[in-house]
Amino acid sequence: MPRGERWLQKVSATRTFARIAPHVIPALDRAVHRLTRGKVLLSARMLPGVVLTATGARSGLPRRTPLACLPEGGGWLLIGSNFGRPGHPAWTGNLLKNPEAEVSWCGRDIPVRARLLTGEERAQAWRAALAFWPPYATYQARVAREIRLFRLERR
């Protein structure tokens, strides 16, 4: 593992990062993504990422959220870690209520259907997520809730 990646993993597992990152990273990602017409996502320089557009569970309005993802085959695995903060991230509730969504991936908008993973399928995906980004284990250790994992498949 390159030294820079090891440093980034160590920093991203800190409580300070968990307090600051959710306010800074998504705002920067949304701005750059909009300015580049979907071609650039800053956080994707560290981890692969998508911009998820899901229908708000309560508002019914489109909600755009930049997220790290684990590409797999023709779809994506999304990890609702919320940086190890209490509570599930809002986008996970949106997908539970409205699984039909869209992702912006490499400058293309792709319609997807989200599925919450459970049981052995979730356990297998969780192992893949930990191999991909070990700080997820730190995030899970900080919270009592089980981190939600979603598989996005193209529609």
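Data block above holds the structure.
All of the points below concern the structure found in this document. (Residues numbered from 1 in each chain as written. Predicted model: local features only at pLDDT ≥ 70, side-chain atom pairs only at ≥ 80, totals over all residues. Heavy atoms only, no water.)

1. Observations concerning the pattern of salt bridges
Two side chains carrying opposite charge are able to pair once their charged atoms lie near each other. Heads up, the condition is: The working definition used for a salt bridge is a side-chain nitrogen of Lys or Arg within 4 Å of a carboxyl oxygen of Asp or Glu. Strands here are runs of E lasting at least two residues and helices are runs of H or I lasting at least four, both read from the DSSP assignment and numbered beginning at the N terminus. Exposure is judged per residue with a 1.4 Å probe applied to protein chains only, and the accessible area is read against the type maximum: over 50% gives exposed, under 20% gives buried, and values in between give partly exposed.
Taken as a whole, this structure holds eight salt bridges when the rule is applied. A salt bridge links Glu-121 to Arg-151; its shortest N-O distance comes to 2.8 Å. With Glu-121 in helix α4 (residues 119-132) and Arg-151 in strand β7 (residues 148-154), the pair connects residues that are 30 residues apart, well separated along the chain. Glu-121 gets classed as partly exposed once you look at its relative accessible area, which sits at 30%. Exposure remark for Arg-151: the relative accessible area of 16% places this residue in the buried category. Here Arg-122 ties to Glu-146 by a salt bridge, and the two come within 3.5 Å at their closest N and O atoms. Placement of Arg-122 in helix α4 and of Glu-146 in the loop between α5 (135-142) and β7 is noted, with a sequence separation of 24 residues between them. Salt bridges sharing common partners tie together Glu-72, Arg-115, Glu-121, Arg-151 and Glu-153.

2. Thoughts on the packing of α4 against α5
In a packed pair of helices, the relevant descriptors are the angle between the two axes and the axis-to-axis distance. Operational definition: Helix axes are fitted only over the stretch in contact, all axes being lines through C-alpha atoms; the angle between N-to-C directions runs from 0 to 180 degrees. Here roughly perpendicular refers to angles of 65 to 115 degrees, roughly parallel to angles under 35, roughly antiparallel to angles over 145, and oblique to all remaining angles. Any two residues whose heavy atoms approach within 4.5 Å at even a single point are treated as in contact. Any residue that is not Ala, Val, Leu, Ile, Met, Phe, Trp, Tyr, Cys, Pro, Asp, Glu, Lys or Arg is counted as polar, Gly included; the first ten are nonpolar and the last four charged.
Between α4 and α5, the least distance of the axes is 7 Å, while the angle of their chain directions is 120°. On the basis of the axis angle, α4 is oblique to α5. Facing Arg-122, Trp-126, Ala-129 and Leu-130 of α4, the residues of α5 in contact are Tyr-136, Ala-137 and Gln-140. Taken together, the residues of the contact of α4 with α5 break down into five nonpolar, one polar and one charged.

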